[in-house]
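Close look at the chain arrangement
Take a look at the letters that make up each chain.
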Amino acid sequence: MPAACDSVLEDIEDIVSAEDLKPHDRQFVRKNVFPKVRKRNSQQNVQADDDPPSDSIIPGAQKIWIRTWGCSHNNSDGEYMAGQLAAYGYKITDNSAEADLWLLNSCTVKNPAEDHFRNSIKKAQEGKKKVVLAGCVPQAQPRQDYLKGLSVIGVQQIDRVVEVVEETIKGHSVRLLGQKKDNGKRLGGARLDLPKIRKNPLIEIISINTGCLNACTYCKTKHARGDLASYPIEELVDRAKQSFQEGVCEIWLTSEDTGAYGRDIGTDLPTLLWKLVEAIPEGAMLRLGMTNPPYILEHLEEMAKILNHPRVYAFLHIPVQSASDSVLMDMKREYCVADFKQVVDFLKEKVPGITIATDIICGFPGETDEDFQETMKLVEQYRFPSLFINQFYPRPGTPAAKMHQVPAAVKKQRTKDLSQLFHSYNPYDHKVGERQRVLVTEESFDSNYYVAHNPFYEQVLVPKDPRLMGKMVEVNIYEAGKHFMKGQPVSDARVYTASITRPLAKGEVSGLTEEFRHAAQNGTNWKGHPSAEIPVKTPLSSWMALPLLWQGGGGGLKILSVSLALLAVLVMFYYRGMKTEL
């Protein structure tokens with residue numbers, strides 16, 4: 001059955017058009033309506049009964065499957081969207097087959113990630129699923145053919161995901177791709193106090209800023225996330241405190257470049273980190289995300305002090321990408337290899353045992369065999385315990401895509417050679433026999449162990465004992481692999497309960513505080529609490545949000561929620577006619 005509206009709506013307001021009937025026109029038409037017997041057995045009428053008009057669908061009762069690709073920033077966005085939809089009444093499901101709508105949150109860093117995204121869209125359409133697209137792919141290239149006619153929510157508009165899903169379920173196509181601004185100044189994005197569902201209830205991912213100050217020639221993410229826009233320190237500290245009050249014991253700070261934080265609002269990363277450290281309870285930990293070399297150089301002294309703090313992991317992700325200055329220049333990375341070495345050498349001296357992770361791109365346009373050998377020497381020199389190796393993929397619309405490309409076979413061979421070098425050494429063999437303090441936060445992929453991290457954010461596998469989850473314990477290291485160690489808890493050691501309160505259950509919505517629950521149970525205005533507010537643009541959406549009272553419990557409230565939902569449908573018809581008349 002064709003969609004109720006084939007045209008693409010740029011905003012919710014566009015649903016009402018100048019061609020819609022005015023209220024007095026509706027009344028006049030009724031006088032000329034004559035009853036007609038309907039043929040019930042026709043296939044056409046059967047189909048019409050199966051697919052009711054979009055206006056008769058009450059949003060908030062459907063099941064939604066969310067798939068996210070990419071970085072921790074993207075994962076945080078996915079958690080926020082899930083939280084808002086669940087708070088509104090939608091059921092978030094892990095079963096894509098039973099879902100009524102697929103929300104696909106994309107990554108544009110590499111071609112394979114976009115290929116998976118495109119294939120998922122095709123699969124959803126083949127399965128007759130409603131689709132909403134999010135993330136960096138549609139934000140960076142919204143006019144691609146395979147995105148036509150589909151609803152899109154931009155990376156800075158995730159606080160309006162309920163509206164987009166609501167209209168998509170009705171059969172409309174909506175696109176919200178604008179930027180958040182305050183008095184003309186670009187903001188970091190949606191508010192940080194929105195409801196969210198953490199993938200791991202023990203880990204809170206906080207985006208401290210969006211965008212960056214660079215213009216790397218290979219980067220497509222810049223087209224989506226744009227220039228640097230930082231969140232104020234007080235908002236970030238408040239979000240961290242709220243997380244700890246909900247049982248979180250580990251915080252990840254993320255962005256496209258954490259080192260550039262604050263340059264647009266008159267502050268800097270060390271200032272933020274010292275404020276956050278004050279809010280971290282004993283037994284909980286903070287992990288700092290990726291930073292590029294240029295913006296960490298001027299803060300090395302302060303960063304060393306912070307990374308030595310007992311509640312901050314001695315871990316830093318600093319992408320080098322290449323050890324050739326000529327390649328770095330073509331990439332427009334704004335640093336040279338000597339800068340990278342200065343950062344690494346200083347931190348290794350001042351923060352004993354620190355883990356330095358890095359990224360390398362193999363086969364960037366113009367990279368010669370000599371350039372690549374310089375990169376091999378760098379890896380041999382530092383023996384990075386965590387190394388992300390990426391074969392170069394030209395991303396459409398980037399300057400690097402227009403450069404002279406290295407042959408595919410050469411890129412593949414260089415990637416293989418670097419991978420073999422990386423796997424030729426074991427960074428943790430010398431730690432067998434050590435006694436380490438670790439924080440247990442998740443389950444291993446094979447479900448055979450719990451995963452913990454020591455103070456250097458090195459992965460330690462511990463026995464799958466439910467009493468250890470969310471705890472900081474001491475273990476004896478008895479085995480080491482390429483990417484992990486195995487530890488046995490020390491029986492007489494002290495166990496720290498990192499969380500200051502019971503963690504939320506898996507799938508439970510964060511941000512629904514006692515104040516919000518009290519307001520819902522007493523029938524007061526739920527929008528009075530900012531953590532639960534779902535930004536809306538039309539009175540229709542405001543009325544339709546009232547079924548949230550269902551979550552307050554009690555039979556009377558359930559009846560009230562249904563009544564309000566039916567009232568909302570009547571309000572919708574009246575509002576549409578009145579708006580057209582205006």
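Conventions adopted
Residue numbering note: each chain is counted from 1, following its sequence as written. For this predicted model, a pLDDT threshold of at least 70 governs which residues receive local features, and a threshold of 80 or more governs which side-chain atom pairs are given and counted, while totals over whole chains, interfaces and linings are taken from all residues. Based on all heavy atoms of the structure, the side-chain values leave hydrogens and waters out of the count. In this description a helix means any DSSP run of H or I spanning at least four residues, a strand means any run of E spanning at least two, and both kinds are numbered starting from the N terminus. Burial classification: accessible surface area is computed with a 1.4 Å probe over protein chains only, and a residue below 20% of its type maximum counts as buried, one above 50% as exposed, and the rest as partly exposed. Calculation of accessible area relied on Shrake-Rupley with a 1.4 Å probe; when residues are assessed, cover is drawn exclusively from the protein chains displayed. In this scheme, strands are said to pair when DSSP sees at least two bridges between them. Lines fitted to C-alpha atoms define the axes here, with helix axes fitted over just the stretch in contact, and angles between the N-to-C directions of these axes take values from 0 to 180 degrees. Side-chain rings of Phe, Tyr and Trp, where Trp is taken by its six-membered ring, are said to pair if the distance between their centres is within 6.5 Å; with planes under 30 degrees apart they count as stacked, over 60 as edge-to-face, and otherwise as tilted. Put simply, buried Ala, Val, Leu, Ile, Met, Phe, Trp, Tyr and Cys residues joined by side-chain atoms within 4.5 Å make one nonpolar core. Boundaries between domains were set according to an automatic or database domain assignment. Geometric relationships in this document are graded by angle, where less than 35 degrees denotes roughly parallel, more than 145 denotes roughly antiparallel, 65 to 115 denotes roughly perpendicular, and other angles denote oblique. We call a crossing left-handed when the near helix sits turned anticlockwise from the far one by less than a right angle, and right-handed when that turn is clockwise. Contacts between residues were defined by any pair of non-hydrogen atoms, one from each residue, lying within 4.5 Å. Under this grouping Gly is polar, as are all residues other than the nonpolar Ala, Val, Leu, Ile, Met, Phe, Trp, Tyr, Cys and Pro and the charged Asp, Glu, Lys and Arg. For every residue, the predictor assigns a confidence score, pLDDT, that lies between 0 and 100. For the purposes of this analysis, a disulfide is any pair of cysteine sulfur atoms at a distance within 2.5 Å. Between N or O atoms, a polar contact is any pair within 3.5 Å; within protein, one atom must be a potential hydrogen donor and the other a potential acceptor, and residues adjacent in sequence are included only when both atoms are from side chains. Any carboxyl oxygen of Asp or Glu that lies within 4 Å of a side-chain nitrogen of Lys or Arg is treated as forming a salt bridge with it.

This part takes up the overall build of the protein. The secondary structure content of the protein amounts to 18 helices and 23 strands. Of all 582 residues assigned to the protein, the portion counted as buried reaches 54%. Approximately 26800 Å² of the protein is accessible, and the part contributed by carbon and sulfur atoms is 53%.

What follows is about the sheet that holds strand β16 (residues 355-362). Backbone hydrogen bonds are what pair the strands of a sheet, in a parallel or an antiparallel way. A sheet is described by the order of its strands in space; here three strands give the open sequence β15-β16-β17, paired in parallel fashion. What marks the edges here is a single partner per strand, and that holds for β15 (315-317) and β17 (386-391). Taking each pair of neighbouring strands and ignoring which way they run, the sheet shows an average axis angle of 15°. As paired strands, β15 and β16 are joined by three bridges and run parallel to one another. Its bridge partner lying in β16, F315 is registered against T355.

Another point: the packing of aromatic side chains. The tally for this structure, following the rule as stated, stands at 11 aromatic pairs. Seen from their ring centres, W65 and W102 are 4.7 Å apart, and the 65° between their planes marks the pair as edge-to-face. Remark: W102 occurs in strand β4 (residues 101-106) and W65 occurs in strand β2 (residues 63-68); sequence separation between them is 37 residues. There is no split in this pair, since W65 and W102 are both buried.

L85, L103, V165, L253, L269 and L347 are the most contacted members of the largest nonpolar core, which totals 93 residues. Both domain 1 (82-179) and domain 2 (186-425) contribute no fewer than three residues apiece to this core.

Okay, the sheet that holds strand β13 (residues 250-254) next. Sheet architecture is open: three strands sit in the order β10-β13-β14, paired in parallel fashion. Each edge of the open sheet carries a strand with a single partner, namely β10 (203-207) and β14 (285-287). Going across the sheet, the axis of each strand differs from the next one's by a mean of 20°, ignoring polarity. The pairing of β10 with β13 spans five bridges and is parallel.

With that settled, consider the pairing of β16. Remember that side chains alternate between the two faces of the sheet whenever the strand is regular. Summarising burial for β16: eight of the eight residues are buried, a large majority. The alternating pattern of β16 places T355, A357, D359 and I361 on one face and I356, T358, I360 and C362 on the opposite face, and all of these are buried. Note that β16 and β17 share six bridges and pair parallel. Along β17, the bridge assignment pairs I361 with N390.

Before going further, it helps to examine the packing of helix α8 (residues 233-245) against helix α9 (residues 269-279). In the contact formed by α8 and α9, the axes pass within 10 Å of each other and the chain directions differ by 25°. The orientation of α8 relative to α9 falls into the category roughly parallel. Crossing geometry of α8 relative to α9 is assigned as right-handed. Between α8 and α9, the residues in contact are I233, L236, V237, A240, K241 and F244 and T271, L272, K275, L276 and A279, respectively. Looking at the contact of α8 with α9, its residues break down into eight nonpolar, one polar and two charged.

For the protein, the mean per-residue pLDDT works out to 82, and 78% of the residues sit at or above 70. In the predicted structure, residues 515-563 sits below a pLDDT of 50 and forms 83 contacts with residues beyond four places in sequence or in another chain. Segment residues 569-582: pLDDT under 50, and 27 contacts once partners within four positions in sequence are set aside and those in other chains are kept.

By the element assignment, V165 lies in helix α6 (residues 161-169). The spatial distance from the C-alpha of V165 to the C-alpha of S151 is 8.3 Å, given a sequence separation of 14 residues. Contact partners of V165, with chain neighbours within four places excluded, come to I64, L85, Y90, L101 and V132.

The tally for this structure, following the rule as stated, stands at zero disulfides. With no disulfide of its own, C216 lies closest to C219 among cysteine sulfurs, the gap being 6.1 Å.

You can see G226 is positioned in the loop between α7 (221-225) and β12 (229-230). Along the chain, G226 and N214 lie 12 residues apart, while their C-alpha atoms are 9.7 Å from each other. Excluding residues that lie within four positions of it along the chain, G226 makes contacts with R186, G211, C212 and T221.

The residue N74 is located in helix α3 (residues 72-88) in this model. Here S106 takes part through its backbone oxygen, which lies 2.7 Å from a polar atom of the side chain of N74. Contact partners of N74, with chain neighbours within four places excluded, come to T68, W69, N105, S106, C107, G135 and R225.

What follows covers the side chain of S255. The topology assignment puts S255 in the loop between β13 and α9. Among the polar contacts listed, one links the side chain of S255 to the side chain of N209, at a separation of 3.3 Å. A polar side-chain atom of S255 sits 3.0 Å from the main-chain amide nitrogen of D257. If we ignore the near neighbours within four places in the chain, the residues touching S255 are H73, I208 and N209.

Below, the discussion takes up the packing of helix α11 (residues 300-307) against helix α13 (residues 337-350). The interhelical angle for the contact between α11 and α13, taken along N-to-C directions, is 40°, at an axis separation of 10 Å. When the axes of α11 and α13 are compared, the pair comes out oblique. In this structure, the crossing between α11 and α13 has a hand that is right-handed. Residues L300, E301, A304 and L307 of α11 form the contact with α13, whose own contacting residues are Q342, V343, F346, L347 and K350. Split into classes, the residues belonging to the contact of α11 with α13 amount to six nonpolar, one polar and two charged.

For the structure on display, the rule yields 28 salt bridges. Linking D115 and R118 is a salt bridge whose minimum nitrogen-to-oxygen distance equals 3.0 Å. Taken as a pair, D115 and R118 lie in helix α4 (residues 111-126) at a separation of three residues, close to a single helical turn. Overall, the relative accessible area of 33% leaves D115 in the partly exposed class. R118 gets classed as partly exposed once you look at its relative accessible area, which sits at 31%. Across the salt bridge formed by K170 and E167, the nearest N and O atoms sit 3.6 Å from each other.

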